[in-house]
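Spelled out, the chains give:
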Amino acid sequence: MRRAALALEHRFAAYALVRRGRDLELMHRSMGFATLSLVTLAPLLIVVAAVDPLRQGGFASWLVDGMGLSGRSARVLTDIISPPVRVISTTSVWGGVLVAVFGVSFAGSVQNGYERVWGLPPGPWHRVWRQATWLAGLTAYLYQEVLNRQEFHGWERVLVSASTGALFFWWGQHFLLGGQIRWRSLLPGALATMVGLGGLRVFSYLVFTPLIVDNALSYGTVGIVLVVESWLTGVGFVVYGGAMFGRWFCEHHWMPHGPHRR
């Protein structure tokens, strides 16, 4: 009877996770994450990568590294990204300011997603400085990921990337939520996010690498953008889903009776 009771408890716990994902509208929110990433975040990262003093290949190398592409698929994706010199020469001061403002709106969307995950009310408007700081942290995190590709290889890079990523997503949740959730309650979500991103990278290498070449031949640039959009949707699913899994894990397995809020 005890085994049956435990099995029933696990089933209800799993159902609670599915129901929470449905209430959060996880897939719809992930698609919004992908759209905002392409429209608001990508232009900002293109400009930032263009002024890179170390010349790590520009935004194209950032995207290729994130998707885990190689060979012909990497070259095809690189061809559709504007060269860094051209980006700098065509970007005005006001254009840079607008790009930064749009990037902050992306950070605000991520903050709202985390607030929904933890059942918190929306933060006041004057907390926009948190969104801008988080956006700067995200840019620095992506930049160091590209640098790690040059410094580390094999399991060393996996270890370094997993560690820095877990620290970023652990800090990112805590910072965007204004410290309302305890650090220990946010750790499982950060770890789950990195596990999900690792799985997405493997999936991207196996599926998106040949798909980009096929879509380039069949549909041209539009086909490549659709593949990138699909990958970004997966990233959004992992980011929000990882945080949601972290809360579920804390409530049902790790600290079922412990307080999560300060």
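Model, not experiment: these values are computed from the prediction.

**Things to note about the packing of aromatic side chains**
Taken as a whole and assessed by the stated rule, the structure comprises 14 aromatic pairs. When the ring of W134 is compared with that of F168, the centres are 6.0 Å apart and the planes differ by 35°; the resulting orientation is tilted. In this pair, W134 is assigned in helix α7 (residues 128–151) and F168 in helix α8 (residues 155–176), connecting sequence segments 34 residues apart. Each member of the aromatic cluster is reached from another via a ring pair, and the members are F33, F106, W129, W134, Y141, F168, F169, W171, F175 and Y240. Between R130 and the ring centre of F175, over which it is positioned, the NZ or CZ distance is 4.9 Å.

**Some details on the packing of α8 against helix α9 (residues 183–219)**
Geometrically, a packed helix pair is captured by the angle between its two axes and the distance between the axes. Where α8 meets α9, the closest approach of the two axes is 8 Å, and the angle between their N-to-C directions is 135°. Judged by the angle between their axes, α8 and α9 are oblique. Handedness of the crossing formed by α8 with α9: right-handed. Contact with α8, carried on its side by R157, S161, A162, G165, A166, F169, W170, W171, Q173 and H174, involves W183, L186, L187, G189, A190, L191, T193, M194, L197 and R201 of α9 and no other residues of that element. When the residues that make up the contact of α8 with α9 are grouped by side-chain class, the tally is 12 nonpolar, 6 polar and 2 charged.

**Observations regarding the side chain of E145**
Along the chain, the position of E145 falls in helix α7. Although E145 lies buried, it forms no salt bridge, and the closest oppositely charged side chain, R157, sits 4.2 Å away as judged by the N-O distance. The contacts of E145, once residues within four sequence positions are left out, are D65, R157, S161 and T164.

**Some details on α7**
If you check α7, its first and last C-alpha atoms are 35 Å apart, about what 24 residues at 1.5 Å a residue would give, namely 34 Å. Those residues of α7 not exposed but buried are R130, Q131, W134, L135, L138, T139, Y141, Y143, Q144, E145, V146 and N148.

**Some points on the confidence of the model for the protein**
On average, the protein scores 80 in pLDDT, and the residues at 70 or more come to 79%. At the low end of the mean pLDDT range in the protein sits helix α5 (residues 84–89), at 53; at the high end sits α8, at 92.

**Description of α8**
If you check α8, its first and last C-alpha atoms are 31 Å apart, about what 22 residues at 1.5 Å a residue would give, namely 32 Å. Of all the positions in α8, only R157, S161, G165, A166, F168, F169, G172, Q173, H174, F175 and L176 are classed as buried. Immediately downstream of α8, the backbone of G178 shows phi near 65°, a positive value.

**As for the nonpolar core**
Membership of the largest hydrophobic core comes to 56 residues, with the highest contact counts inside it found for M67, W134 and F169. Elements represented by at least two residues in this core include exactly α2 (26–50), α3 (58–67), α4 (71–79), α6 (93–118), α7, α8, α9 and α10 (221–254). Per-element tally for this core: the top contributor is α10, with 11 residues. In contact with F169, other than residues within four places in its own chain, are Y114, Y141, A190, T193, M194, L197 and V239.

**Details of the environment of Y205**
Within the secondary structure, Y205 sits in helix α9. Of the residues examined, Y205 reaches a relative accessible area of 46% and is grouped as partly exposed. In the structure, Y205 is positioned 138 residues away from M67 in sequence and 7.1 Å away in space, judged by C-alpha atoms. Leaving out residues up to four positions away in the same chain, Y205 has contacts with M67, G68, S70 and P210.

**Topic: a nonpolar patch on the surface**
A grouping of V202, F203, Y205, L206, V207 and L211 is seen on the molecular surface, where their side chains present a nonpolar patch of about 550 Å² in accessible area. Tracing the sequence through the fold places L211 in helix α9.

**Observations concerning the side chain of E115**
Tracing the backbone through its elements, the reader meets E115 in helix α6. Judged by its relative accessible area of 4%, E115 is buried. Beyond its immediate stretch of four places on either side in the chain, E115 contacts L120, P121, P122, G123 and L177.

Analysis parameters
- Residues numbered from 1 in each chain as written.
- Predicted model: local features only at pLDDT ≥ 70, side-chain atom pairs only at ≥ 80, totals over all residues.
- Heavy atoms only, no water.
- Phe/Tyr/Trp six-rings, centres within 6.5 Å; stacked < 30°, edge-to-face > 60°.
- Helix = DSSP H or I, 4+ residues; strand = E, 2+ residues; numbered from the N terminus.
- Lys NZ or Arg CZ within 6 Å of the ring centre and 35° of its normal.
- Axes fitted to C-alpha atoms, helices over the stretch in contact; angles between N-to-C directions.
- Parallel < 35°, antiparallel > 145°, perpendicular 65-115°, else oblique.
- Left-handed = near helix turned anticlockwise from the far one by under 90°.
- Contact = heavy atoms within 4.5 Å.
- Nonpolar A, V, L, I, M, F, W, Y, C, P; charged D, E, K, R; others polar.
- Buried < 20%, exposed > 50% of the residue type's maximum accessible area, 1.4 Å probe, protein only.
- Lys, Arg positive; Asp, Glu negative; His and termini not counted.
- Salt bridge = Lys/Arg side-chain N within 4 Å of Asp/Glu carboxyl O.
- Expected span 1.5 Å × (residues − 1).
- pLDDT = per-residue confidence, 0-100.
- Core = buried A, V, L, I, M, F, W, Y, C linked by side-chain atoms within 4.5 Å.
- Patch = residues over 30% accessible without salt bridge, like charges linked within 9 Å, V, L, I, M, F, W, Y side chains within 5 Å.
- Areas by Shrake-Rupley, 256 points an atom, 1.4 Å probe, with all protein chains shown as cover.

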